Amino acid sequence: MRRSAALLLGLGVAGACDDPPAGRGAAAAPPEGAAVVAARPRDVIVLTLDTFRADRMGCYGHPGGLTPHLDRIAAEGTRFAHAMAPMPCTAPAHAALFTGLSPRLCGVTSNFLTAPDTLDTLAERLARLGFATGALFNAFDFAAINLVQGFDGFGLDKGRRAERLVPELKRYLQSTRGRRRFTWLHLFIPHGPHDLPPEFAARVTARYDGPLQEDFFSMEKLRTGEVVAPPEFVERYRQRYDAAIAFTDARVGEIRAAFEAERAWDDALLLVVTDHGESLEGRTLGFHAPVLNQETLHAAMLWRGPGVPAGRVKDQLAQPMDAVPTVFELLGEPIPGELEGRSLAELITSDDPDGVDWTRHAIASLPTRFEGKSGEDGEAAAIRSGRFVLLLREGRDRALHDVVADPRQTTDIAADHPDVVRALEAAFEEWVRATREAPTGGVVSPEMAAQLRKLGYQ
Ligand SMILES: [Zn+2]
């Protein structure tokens, strides 16, 4: 369903003071067929972190102490160590998250394509259960690509520092007191070019005084090989990226405090997920859409809330498409059918890490070539099962990597494991046969296309 745009300020919800619908809430009995869990969440919060490499979080092994607030959420909940983005690209990854369908199936395979009205989103599904639905997103206008279907109110904070997002969240939470809420918050801060406030800019000690800038024009010259980045530039870029990660984590702390002030944190089911990572190496420094490796595909996924055990880490392969069925099962609601994603609820709630039958393949591909840019090196797909990822690239040899032993994917072990290669190829072909590229809702407006170019998308 298409909605007209709302301004960030005045993001209000009709009927904001209504009582919660009868029969819902923490004490509601689970319907038949739903997994029995100890407690039911009241609200749902989804926090999407853009361009945020999983390996920058302390809970995913980073030693730098960049993410105390996210690490706390991980310690209080269940962390998926091996989540995988379906496409290293903002709109497709978010469309997959909110529809339970891969970008190929939901028709959003590029930032320049809008989501079809026919999609049933998490917000539409929760609105039908009586939830107030509100979204606040940062720098990337999800309304322009029709991904605000189902939200009663939504707003865009255009600023790279997301300075208006938390004040607006506080107003939204006040205006919806008493309602069950689904709130989506999106932070774009780690996406270059980085705009750091002084206290975070002060973390950057590397110096570079040459002509390259952290802008699309300069970065594109690096990607095409026209210019080779000096080590000082690379080091400064990485330090600025890490400072942006720390800044993002600070915003997460402010978001948490806003919910806690409204007593709307501990009874909410929280999902924190990154849409994709970022390349910090070589010619693709500062890019993600043309890159199909662990740098961009390893996604962080944290769940927290009633019924979600604390301090657990799951090694099973998860994808953002699993969010919709997982939210529904953890709420005690029937799982929607016809979804590509699978509910993670049994994995989350099970005490036995190996006691759940969970074999699957996870597939990722590059964005659709659009205006000759993203994916310009040809079509490519990555298919993962367990620790192995098979990389299929147009015009190039396939490559197999063990991403647990070799996360930088430096060694091609296809020749050593022909059986794994065959099984992954067969699974990929089966997936291609079983899915079909869905029609899209259309192409974004010229204004949005211009916005996207300003953000560095071509
Ligand atoms: Zn993104």
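Below you will find a few notes about this structure. (Residues numbered from 1 in each chain as written. Predicted model: local features only at pLDDT ≥ 70, side-chain atom pairs only at ≥ 80, totals over all residues. Heavy atoms only, no water.)

1. A look at the coordination of the zinc ion
Stage number 1. Around the zinc ion, the protein contributes the donor atoms Asp50 (OD), Thr90 (OG1), Asp275 (OD) and His276 (NE2), at 2.0 to 2.1 Å from the metal centre.
Stage number 2. Viewed at the metal, the four donor atoms of the zinc ion are separated by angles of 100 to 118 degrees, and the geometry they form is tetrahedral.
Stage number 3. Counting along the primary sequence, the residues that act as donors to the zinc ion give the motif D-x39-T-x184-D-H. You can see aspartate 50 sitting in the loop between strand 1 (43–49) and helix 1 (68–76) and its partner histidine 276 sitting in the loop between strand 7 (268–274) and helix 9 (294–297), a full 226 residues away along the chain.
Stage number 4. When its relative accessible area of 0% is taken as the criterion, aspartate 50 is described as buried. (Donors = N, O, S within 2.8 Å, 3.2 Å for Na, K, Ca; no water. Tetrahedral: all angles 85-135°; square planar, octahedral: opposite > 155°, others 65-115°. Helix = DSSP H or I, 4+ residues; strand = E, 2+ residues; numbered from the N terminus. Buried < 20%, exposed > 50% of the residue type's maximum accessible area, 1.4 Å probe, protein only.)

2. A look at the packing of helix 5 (residues 165–175) against helix 8 (residues 231–261)
Stage number 1. The N-to-C vectors of helix 5 and helix 8 enclose an angle of 15 degrees; their axes lie 10 Å apart at closest approach. In terms of axis orientation, helix 5 runs roughly parallel to helix 8. Read as a crossing pair, helix 5 and helix 8 show a hand that is right-handed. Residues Leu165, Val166, Leu169, Lys170 and Leu173 of helix 5 form the contact with helix 8, whose own contacting residues are Arg251, Glu254, Ile255, Ala258 and Phe259. (Axes fitted to C-alpha atoms, helices over the stretch in contact; angles between N-to-C directions. Parallel < 35°, antiparallel > 145°, perpendicular 65-115°, else oblique. Left-handed = near helix turned anticlockwise from the far one by under 90°. Contact = heavy atoms within 4.5 Å.)

3. Quick notes on the sheet that holds strand 13 (residues 399–402)
Stage number 1. Pairing in this open sheet of four strands is antiparallel, and the strands run 10-11-12-13 from one edge to the other. For this open sheet the edge positions go to strand 10 (362–365) and strand 13, each flanked by a neighbour on one side alone. Put simply, the sheet's adjacent strands are angled 20 degrees from each other on average, direction ignored.
Stage number 2. Pairing between strand 12 (residues 388–393) and strand 13: four bridges, direction antiparallel. (Pairing = 2+ DSSP bridges.)

4. As for the pattern of salt bridges
Stage number 1. Enumeration according to the criterion identifies 25 salt bridges in this entry.
Stage number 2. When the shortest N-O distance is used, the salt bridge between arginine 256 and glutamate 76 registers 3.1 Å. Remark: glutamate 76 occurs in helix 1 and arginine 256 occurs in helix 8; sequence separation between them is 180 residues.
Stage number 3. Given the relative accessible area of 23%, glutamate 76 is considered partly exposed.
Stage number 4. When the shortest N-O distance is used, the salt bridge between aspartate 195 and arginine 161 registers 3.0 Å. (Salt bridge = Lys/Arg side-chain N within 4 Å of Asp/Glu carboxyl O.)

5. With respect to the sheet that holds strand 7
Stage number 1. Here we have eight strands laid out as an open sheet, ordered 5-4-6-1-7-8-2-9, and mixed in their pairing. Of all the strands in the sheet, the pair left with one neighbour each is strand 5 (153–157) and strand 9 (312–318). Across the sheet, the mean angle separating the axes of adjacent strands is 15 degrees when strand polarity is ignored.
Stage number 2. In this sheet, strand 5 lies alongside strand 4 (residues 132–138) in parallel orientation, the contact comprising five bridges. Residue pairing in the sheet places phenylalanine 137 in a bridge with leucine 156 of strand 5.
Stage number 3. Across the sheet, helix 10 (residues 323–331) is in contact with strand 1, strand 7 and strand 8 (298–304); its angle to strand 8 comes to roughly 10 degrees.

6. Quick word on the environment of methionine 87
Stage number 1. With respect to the helices, strands and loops of the structure, methionine 87 is situated in the loop between strand 2 (78–84) and helix 2 (90–99).
Stage number 2. If near-sequence neighbours (up to four positions away) are discounted, methionine 87 is found in contact with Pro92, Ala93, Pro103, Thr109, Asp275, His276, Ser365, Leu366 and Pro367.

7. Looking at helix 1
Stage number 1. Leu70, Ile73 and Ala74 are the residues of helix 1 that are buried. Take helix 1 and look down its axis: the buried residues cluster within an arc of 100 degrees, on one side only.
Stage number 2. Where helix 1 is buried, its residues contact strand 1, strand 2, helix 8, strand 7 and strand 8. (Arc of directions from axis to C-beta.)

8. Here's the deal with the environment of proline 211
Stage number 1. Tracing the chain through its elements places proline 211 in the loop between helix 6 (198–201) and helix 7 (216–224).
Stage number 2. Spatially, the C-alpha atom of proline 211 lies 9.9 Å from that of phenylalanine 233, the residues being 22 residues apart in sequence.

9. Brief notes about the packing of aromatic side chains
Describing an aromatic ring pair means giving the distance of the ring centres and the angle of the ring planes.
Stage number 1. By the definition in use, this model includes 15 aromatic pairs.
Stage number 2. Each ring, one from phenylalanine 137 and one from phenylalanine 142, has its centre 5.5 Å from the other, and the planes form 75 degrees; the classification is edge-to-face.
Stage number 3. Three or more aromatic residues link up through ring pairs in this structure, and these residues are Phe98, Phe137, Phe140, Phe142, Phe151, Phe154, Phe182 and Trp184.
Stage number 4. One cation-aromatic arrangement involves arginine 79 over tyrosine 60; the distance from NZ or CZ to the ring centre is 4.4 Å.
Stage number 5. Against the face of tryptophan 431 rests arginine 104, its NZ or CZ located 5.5 Å from the ring centre. (Phe/Tyr/Trp six-rings, centres within 6.5 Å; stacked < 30°, edge-to-face > 60°. Lys NZ or Arg CZ within 6 Å of the ring centre and 35° of its normal.)

10. What to know about the pairing of strand 8
Each regular strand shows side chains that alternate between the opposite faces of the sheet.
Stage number 1. Burial analysis of strand 8 places seven of its seven residues in the buried class, the great majority of the element.
Stage number 2. The two faces of strand 8 match: His298, Ala300, Leu302 and Arg304 on one face and Ala299, Met301 and Trp303 on the other face are all buried.
Stage number 3. Of the pairings in the sheet, the one linking strand 2 to strand 8 comprises five bridges and is antiparallel in character. Considered in strand 8, the bridge of alanine 83 is made with alanine 299.

Everything listed is a geometric property; what it means functionally is a separate question.
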